[in-house]
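Survey of secondary and tertiary structure
Okay, here's what each chain looks like letter by letter:
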Amino acid sequence: MARPGRKSASENTTVATVLQENSLPYRVGNGSGDKLRFIDLFCGIGGFRLAFDRVGCECVFSSDWNEKAQETYEANFGERPHGDIYSVPDNAIPPHNILCAGFPCQPFSIAGVSKKLSLGKKHGFEDKEQGNLFFKLAELIDHHRPDAFVLENVKNLKGHDKGNTFRIIWETLTEHLGYHVYHKVIDARSVVPQHRERIFLVGFREVRHFEFPEFPADGPKLESILEPEVPDKYTLTDHLWKYLQDYAAKHKAAGNGFGFGLVTGKDVTRTLSARYYKDGSEILIAQGSRKNPRRLTPRECARLMGYPKDFKIPVSDMQAYKQFGNSVVVPVVERIARAVVEALQRAIDYRPDLVLHDRKSRKIIPAAKDTERAVKYTITTKRKKHE
């Protein structure tokens, strides 16, 4: 019996050539030295690509509809992503082990929903342009049945439409597609100086042990990514600075939380958004009492998102702000990518050892000991190294 939503072979468009990023044949990732293959959907400027490349995987297909994002991606990876994913037949995408996608978040983000409501537009799944792209992902997962997938979206995805949106996504992935899914909201501030919470969904075709990676308790401060000298054009004009202060005062008086975010090198910033190019209000860098604050430069935005220092920025400042504001934080995805690869490379029946820890001392409790007193304990998992 066919799975719900699965197309029959006769319904799929016949395509003679499988699309690939280069002319080299992809390698099967189940032999010694072979790489796991992944596809990079809604790839933007390549945050997922960098992360999975770093853990030894091979990208065999990428797609994004935005031409300026394609330009940045091509400048850094030597391959221009395919355009609108709806224009690519399912069976034209190469076989792969892992599907990666940061599917458009604007229909579900707090800021995006607020803007659409103010304009009388639909949001969530009712957003015809972006909200239904999740179902295209589900169609591709159903067609290709990859070993795993990694999806990313805004934290508000869980609460959107009183939880109904996430419920539909969860049921689609687990009940209709039959994947075993883990999810977690992760704040990037442990690896970059930015408060940025995003939800990650990691799914496996078979039952596999998986744990999201642990992140440091304390992360870097903003001074670690700031440039020593910045052109004057990034300093706010007197007019714009006065406008932002008046705007903040107006909303504060009304009891609203709207306003600018003024920070120093000792702080952690708010979330960088795709609208940063407009006035930079969510992240303004203080420059002392005698000078107006300034915006971040595009290079500082790249660092704030965890991109390497040699990452090329071939587009205008406005486009760069949009691109980095829409990106994933590379070191967060890299840690998740490594955990996914480790899970896929372990034996499918792998289960970690259970270890008991005394809550007070945090010491391991020896077996068949402490029989004279009740000991409160927690159960943790101890990972085995892959043989």
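In this report, we go over the structure that sits alongside the text. Fair warning: this is a prediction, and the values are worked out from it, not measured in the lab.

Quick notes on empty space enclosed by the protein
This model, assessed by the stated rule, comprises three cavities of 30 Å³ or more. What the largest cavity holds in volume is close to 50 Å³. The wall of the largest cavity is formed by Glu152, Ile186, Asp187, Ala188, Arg196, Arg198, Phe200, Val328, Val329 and Val332. Considered class by class, the residues forming the lining of the largest cavity number six nonpolar, no polar and four charged.

Comments concerning the state of the cysteines
Under the defined criterion, the tally for this structure stands at zero disulfides. There is no disulfide at Cys43, and the cysteine sulfur nearest it, in Cys59, is 7.9 Å away.

Quick look at the packing of helix α4 (residues 133–144) against helix α5 (residues 164–176)
For the pair α4 and α5, the least separation of the axes is 11 Å and the interaxial angle reads 10 degrees. The angle between the axes of α4 and α5 places the two elements in the roughly parallel class. On α5, the residues that touch Phe134, Phe135, Ala138 and Ile141 of α4 are Ile168, Ile169, Thr172 and Leu173.

Looking at the sheet that holds strand β6 (residues 197–204)
The mixed open sheet is built from six strands, whose spatial order is β2-β1-β3-β4-β6-β5. The open sheet is flanked by β2 (58–63) and β5 (180–187), the only strands paired with a single partner. In this sheet, neighbouring strand axes are inclined to one another by 20 degrees on average, regardless of whether the strands run parallel or antiparallel. With four bridges connecting them, strand β1 (residues 37–41) and strand β3 (residues 98–101) associate as parallel partners. In the sheet register, Leu41 faces β3, and the bridge partner there is Ala101. Of the strands in this sheet, β1, β2, β3 and β4 (148–154) are in contact with helix α1 (residues 47–54), which crosses β1 at around 165 degrees.

Here's the deal with the environment of Arg294
You can see Arg294 is positioned in the loop between β8 (284–285) and α8 (298–304). C-alpha of Arg294 to C-alpha of Thr237: the two residues are 57 residues apart in sequence and 9.1 Å apart in space. Sequence-distant contacts of Arg294, defined by excluding residues within four places in its chain, comprise Leu226, Glu227, Val230, Tyr234, Thr235, Leu236, Ile283, Leu284, Ile285, Gln287 and Glu300. Within the structure, Arg294 has its side chain in polar contact with the side chain of Glu300 (distance 2.9 Å).

A word on α4
Along its twelve residues, α4 runs 17 Å from first to last C-alpha, staying within 8% of the 16 Å computed at 1.5 Å per residue. For α4, the tally of buried residues reaches nine of twelve residues, placing the bulk of the element in the interior. Within α4, the full set of buried residues consists of Leu133, Phe134, Lys136, Leu137, Ala138, Leu140, Ile141, Asp142 and His144. Where α4 is buried, its residues touch β1, β3, β4 and α5. At the exit of α4 stands Arg145, carrying a positive phi of roughly 50 degrees.

Points about the nonpolar core
Counting residues in each nonpolar core, the largest one holds 58 residues, and the members touching the most others are Phe52, Ile98, Tyr307, Phe324, Ile336 and Val340. Looking at which element gives the most residues to this core, the answer is helix α10 (residues 330–345), with ten residues. The next biggest cluster of nonpolar side chains, apart from the first, holds 29 residues, and it includes Ala101, Leu140, Leu177 and Tyr179.

Points about unusual backbone geometry
The backbone of Phe42 sits at a positive phi, close to 50 degrees, despite the residue not being glycine. Its relative accessible area of 16% is what places Phe42 among the buried residues. Although it is not a glycine, Lys162 sits at a positive phi angle of roughly 55 degrees. Summarising the element assignment, Lys162 is placed in the loop between β4 and α5.

Description of the packing of aromatic side chains
Counted by the stated rule, this structure contains 17 aromatic pairs. An angle of 50 degrees between the planes, with centres 5.5 Å apart, marks the rings of Phe204 and Phe210 as tilted. A relative accessible area of 0% means that Phe204 is categorised as buried. Among the aromatic residues, ring-to-ring pairing joins Tyr182, Phe204, Phe210 and Phe212 into one connected group. In this structure, Lys158 is placed above the aromatic ring of Phe166, and the distance from its NZ or CZ to the ring centre is 5.8 Å. Note that Lys322 overlies the ring of Tyr277, its terminal NZ or CZ placed 4.9 Å from the centroid.

What counts, and at which threshold
Residues numbered from 1 in each chain as written. Predicted model: local features only at pLDDT ≥ 70, side-chain atom pairs only at ≥ 80, totals over all residues. Heavy atoms only, no water. 1 Å grid on protein atoms, 1.4 Å probe; cavity = no way out; pocket = protein on both sides within 12 Å on 5 of 7 lines; lining within 4 Å. Points joined across faces, edges and corners; volume = space filled by probe spheres on them. Nonpolar A, V, L, I, M, F, W, Y, C, P; charged D, E, K, R; others polar. Disulfide = S-S within 2.5 Å. Axes fitted to C-alpha atoms, helices over the stretch in contact; angles between N-to-C directions. Helix = DSSP H or I, 4+ residues; strand = E, 2+ residues; numbered from the N terminus. Parallel < 35°, antiparallel > 145°, perpendicular 65-115°, else oblique. Contact = heavy atoms within 4.5 Å. Pairing = 2+ DSSP bridges. Polar contact = N/O pair within 3.5 Å; in protein donor to acceptor, adjacent residues only side chain to side chain. Expected span 1.5 Å × (residues − 1). Buried < 20%, exposed > 50% of the residue type's maximum accessible area, 1.4 Å probe, protein only. Core = buried A, V, L, I, M, F, W, Y, C linked by side-chain atoms within 4.5 Å. Phe/Tyr/Trp six-rings, centres within 6.5 Å; stacked < 30°, edge-to-face > 60°. Lys NZ or Arg CZ within 6 Å of the ring centre and 35° of its normal.

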